[in-house]
Amino acid sequence: MSHKCEGAVITCEDFRLHQRMDGRNYIADFIKKQNIDCDLITRGGGIQDLVRPKEQGYRNCLLRDSDVSAKLHKCSVIYLVNHQDCGAYSGMNFTDKESELEQHIRDLKEAGDIVMDNFSEVEVKTYFAYLKEGSEDEFEIKEV
Ligand SMILES: [Zn+2]
């Protein structure tokens, strides 16, 4: 048995994006804003395993989760949401916020192409969760 779902979100597992003790939940708020039901696929580094998997199996695993959303749940749109200050990107030693953002945007575009190559029937939208100025855990998610 399968249930139809309209969308899927692929994002980082970072706790700061999800249900917090104080009630904040940036990804839940993001999904509500899209006004559709969504599968939620979380992975350390968000879409990084699509573009730069440490092992090939990591990419396949993320594609397999996406396949459940696209084929079984018939999702028509997949949202890719990476975020600032992501631990999975810390090895890149960004010197400033601009180079960090550029890397994420490049990765999101490349990941979008990979998703569309694999699931031609879905639309892909790319987003980035920006940290609010001076904060380490307050995000604002914008399309990029
Ligand atoms: Zn992260």
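To start, this report covers the structure provided alongside it.

Read from one edge to the other, the open sheet built from five strands follows the order β2-β1-β3-β4-β5, with strand pairing classed as mixed. In the strand order of this sheet, the two ends are held by β2 (38-42) and β5 (139-143), each with one partner. Ignoring which end each strand starts from, the neighbouring axes of this sheet average 25° apart. Bridge count between strand β4 (residues 123-131) and β5: five bridges; the pairing is antiparallel.

Two faces make up the sheet, and in a regular strand the side chains alternate between them. Inspection of the sheet shows strand β3 (residues 77-83) paired to β4 by seven bridges, in the parallel sense. Bridging from a neighbouring strand, Asn 82 pairs with Phe 128 of β4. In this view, the connection linking β3 to its parallel neighbour β4 by way of helix α4 (residues 97-118) has right-handed handedness.

Procedures and definitions
Residues numbered from 1 in each chain as written. Predicted model: local features only at pLDDT ≥ 70, side-chain atom pairs only at ≥ 80, totals over all residues. Pairing = 2+ DSSP bridges. Helix = DSSP H or I, 4+ residues; strand = E, 2+ residues; numbered from the N terminus. Axes fitted to C-alpha atoms, helices over the stretch in contact; angles between N-to-C directions. Right-handed = clockwise from strand over helix to strand, strands pointing away.

That is the geometry; function is a separate question.
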